[in-house]
Amino acid sequence: MEQIYMPEPGVAGRYIYTSKDSGGGLSGIIFRDTEHFNFAYDVVDELGKKSPTKTAMLHISKNGRERHITFQDMVKYSNQTANYLSYLGIKRGDRVLLVLKRHYQFWFIILALHKIGAVAVPASFLLTRKDYEYRFKAGRIRAVIASGEGEITSEIDKAAKSYEHLKARIIVNGTRTGWDSYNRSVKFFSPEFERPADAPGGDDPMLMFFTSGTTSYPKMASHSFKYPLGHYVTARYWHGIEENGLHFTISDTGWGKALWGKLYGQWLCEATVFTYDYSDFYAKEILSMIQKYKIRTFCAPPTVYRFLVHVDLSHYDLSSLTNVTTAGEALNPEIFRRFQKATGLSIMEGFGQTETTLLIGTLKGTQPRAGSMGKPNPQYDVHLLKPDGSECAADEVGEICVRTSTAIPKGLFLGYFMDPEKTKAVWHDGFYHTGDTAYMDKDGYLWYVGRVDDIIKSAGYRVGPFEIENEIMRLPYVLECAATSIPDAIRGQAIKASIVLADGVEATDALKKEIMKYLRNTLASYKRPKTVEFVKELPKTSSGKVRRAEIKEKDWEKDK
């Protein structure tokens, strides 16, 4: 990756970013002074000057109202919000929990927090009292800004009874006793907010994400103001963002995926983000949005694509799409093939974590391979390591790790908040250890195997769940599945397949036998499930990731 340094003489505090394609179609990005970089000031405010009337976000409310929010609007309302939050006593270093679904105010608020130097802590609207109690204490939260829809504020109030450190509760799109109304109050504040001489930036903490919690209580991954820079490649070379294109990432703002696809990289590329503030997911509605608004680039988790391929896609005009991507969990090759057959588009897979930006992906110029995550992002020095720390050979399964002994890439987290032990457990000996395993083929493509904790050890073999799930997903009547270990008196562990059937398919013993017969012909003997169980749904985190650990825990508990 060639990095280009382009200072702008005579303009104090201006950070110039640019790119130049190399032979592999990859790009570098450099700012003159990343040690003081602050996305809200150095990108959004600058775009407000450069392109004030350009649409930063097209927001569609659940009742169909369109809001064309310009970069000038983003500057104005983030400044008003910064003055409002400062008035309420929110200051630099305070951690502020954001539970704002897909409301357009989220963008004003998070930019305001960046300007103040308060730490934004996005959270899902699906949380309950118990979840909030944990997050308040673990994150030492000082304020909460939440949607007035549903039971969100009620659950927060219940949790706050056992937590005395909230200095402010702010409700968006509603009113509630004991809460300050954002919609009512913010309009009384000045749209001017000067950047202070000691403005936060660089390595200062900017953002904290709660991890997915697939195997334990969520940890808090802390990121600095350099985090947005790590998403330039995410947007330009994975999403395929065009400067004047409209990009649609499906994600609630409570998850890191929203900031992968709805803010940082997209505006570094000067594109427009599309947001649909729906309450319930309907595949046909999403397809209609793509058709109506001529979406150019689209990103969604594999779960969404699993639903999309069960819709007759020929009924929708998707010709505006130039690039489609997925991340969040591994994509089954069968879904890739079905979507490609129906649309002619290849789903460009990517891999990253709450702790990182895009680590691995099918970037621009890379030919996609069904089932592969793609190749390492040149921003990260990615290695596959054995348990003893040595490098894996081609086609050998190892843990995905990032070398940090020579340089720490922009986009890698600072550590887990107030938890040095857990930070050291994953970041040691000059490497960050992701906890995910994969193998690399002779052409440099990486193929996901599973979480370290998900690996099944049966009859002396190490089996990754994803390979088994891929075969099961080839069956047209399977919507979702998960492969986990169960106790076995002879082999120690055997394999169980939990399967969710598509609508209208009856769960029968005859169907189980059909599946087992199919797997006998497609999988090696040590990879075949011993048991098939039909379930109505798979246990998932609130971000939609399958909790294989929960399935496994229940099965092993029964055996005690």
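Remember, predicted model here, so these are calculated numbers, not experimental data. (Residues numbered from 1 in each chain as written. Predicted model: local features only at pLDDT ≥ 70, side-chain atom pairs only at ≥ 80, totals over all residues. Heavy atoms only, no water.)

Side-chain pairs of opposite charge can arise whenever the charged atoms involved come near each other. Overall, the coordinates contain 38 salt bridges when judged by the stated rule. Of the charged contacts in the structure, one is a salt bridge between K101 and E149, with a shortest N-O distance of 2.7 Å. Note that K101 is positioned in the loop between β3 (95-99) and α3 (105-116) and E149 in the loop between β5 (143-147) and α5 (152-160), a separation of 48 residues in sequence. We classify E149 as partly exposed; its relative accessible area is 22%. Salt-bridge contacts for E550 lead to K554; the nearest nitrogen and oxygen are separated by 3.7 Å. Here K554 and E550 lie together in helix α16 (residues 548-558), a separation of 4 residues that amounts to about one turn. (Salt bridge = Lys/Arg side-chain N within 4 Å of Asp/Glu carboxyl O. Helix = DSSP H or I, 4+ residues; strand = E, 2+ residues; numbered from the N terminus. Buried < 20%, exposed > 50% of the residue type's maximum accessible area, 1.4 Å probe, protein only.)

Note: strands within a sheet are paired through backbone hydrogen bonds, in either parallel or antiparallel orientation. An order of β25-β26-β27 is seen for the 3 strands of this open sheet, with the pairing classed as mixed. Each of the sheet's edge strands pairs with one partner strand only, and the pair in question is β25 (478-488) and β27 (531-534). Each strand axis lies, on average, 25° off the axis of its neighbour in the sheet, ignoring direction. In this sheet, β27 lies alongside strand β26 (residues 492-501) in parallel orientation, the contact comprising 4 bridges. Within β27, the position partnered with S498 by the bridge is E533. (Pairing = 2+ DSSP bridges. Axes fitted to C-alpha atoms, helices over the stretch in contact; angles between N-to-C directions.)

Even without being glycine, E270 reaches a positive phi, approximately 60°. With respect to the helices and strands, E270 occurs in the loop between α9 (264-268) and β11 (272-276).

Another point: the packing of aromatic side chains. All told, the structure shown has 27 aromatic pairs when counted by the stated rule. Between F248 and F298 the ring centres are 5.6 Å apart and the planes differ by 65°, which places this aromatic pair in the edge-to-face class. With a gap of 50 residues between them, F248 in strand β10 (residues 246-249) and F298 in strand β12 (residues 297-299) connect regions that are remote in the sequence. Classification of F298 by relative accessible area gives buried; the value is 1%. Put simply, the rings of F248, F274, Y293, F298, Y305 and F339 touch in pairs and so form one group of aromatic residues. Just above the ring of Y278 sits the side chain of R102; from NZ or CZ to the centre is 4.1 Å. Above the plane of the ring of F210 lies R135, whose end atom (NZ or CZ) is 4.7 Å from the centre. (Phe/Tyr/Trp six-rings, centres within 6.5 Å; stacked < 30°, edge-to-face > 60°. Lys NZ or Arg CZ within 6 Å of the ring centre and 35° of its normal.)

What follows deals with the confidence of the model for the chain. Predicted confidence across the chain gives a mean pLDDT of 90, with 92% of residues reaching 70 or more. Taken as a whole, residues 1-30 scores under 50 in pLDDT and shows 67 contacts with residues more than four places along the chain or in a different chain. (pLDDT = per-residue confidence, 0-100. Contact = heavy atoms within 4.5 Å.)

This part takes up the nonpolar core. Counting 67 residues, the largest nonpolar core has F39, M74, L98, I110 and W267 as the members making the most contacts within it. Top element by residues in this core is α3. It accounts for 9 residues. If we skip the residues at most four places from it in the chain, L98 touches F106, I109, I110, L113, A120, V121, P122, A123 and I145. One finds V463, I499, I515 and V532 within the second-largest nonpolar core, a separate group that totals 53 residues. (Core = buried A, V, L, I, M, F, W, Y, C linked by side-chain atoms within 4.5 Å.)

Among the residues making up helix α10 (residues 283-293), those that are buried are A283, I286, L287, M289, I290 and Y293. In an axial view of α10, the angular spread of the buried residues amounts to 155°, which keeps them on one side of the axis. For α10, the exposed residues set more than 90 degrees away from the buried face come down to K284 and K292. Elements in contact with the buried residues of α10: β1 (55-60), β2 (66-70), β10, β11, β12 and α11 (302-308). Phi turns positive, to about 55°, at K294, one or two residues after α10. (Arc of directions from axis to C-beta.)

As a further point, take the pairing of strand β8 (residues 205-210). Regular strands place their side chains on alternate faces of the sheet. Extensive coverage of β8 is indicated by the burial of 5 of its 6 residues. Bridge count between β8 and strand β9 (residues 220-224): 5 bridges; the pairing is antiparallel. Each residue of the ladder has a partner; that of L207, found in β9, is H223.

Now for the environment of M516. Within the secondary structure layout, M516 lies in helix α15 (residues 509-522). On a C-alpha basis, the gap between M516 and A199 in space is 62 Å, while along the polypeptide they are 317 residues apart. Once residues within four sequence positions are removed from consideration, M516 is found in contact with P529, K530 and V532.

It is the contact of helix α1 (residues 39-50) with α3, at a shortest axis distance of 8 Å, that shows an interaxial angle of 130°. On the basis of their axis angle, the class for α1 and α3 is oblique. Facing F39, A40, Y41, V44 and D45 of α1, the residues of α3 in contact are L111, H114 and K115. Taken together, the residues that form the contact of α1 with α3 break down as 5 nonpolar, 1 polar and 2 charged. (Parallel < 35°, antiparallel > 145°, perpendicular 65-115°, else oblique. Nonpolar A, V, L, I, M, F, W, Y, C, P; charged D, E, K, R; others polar.)

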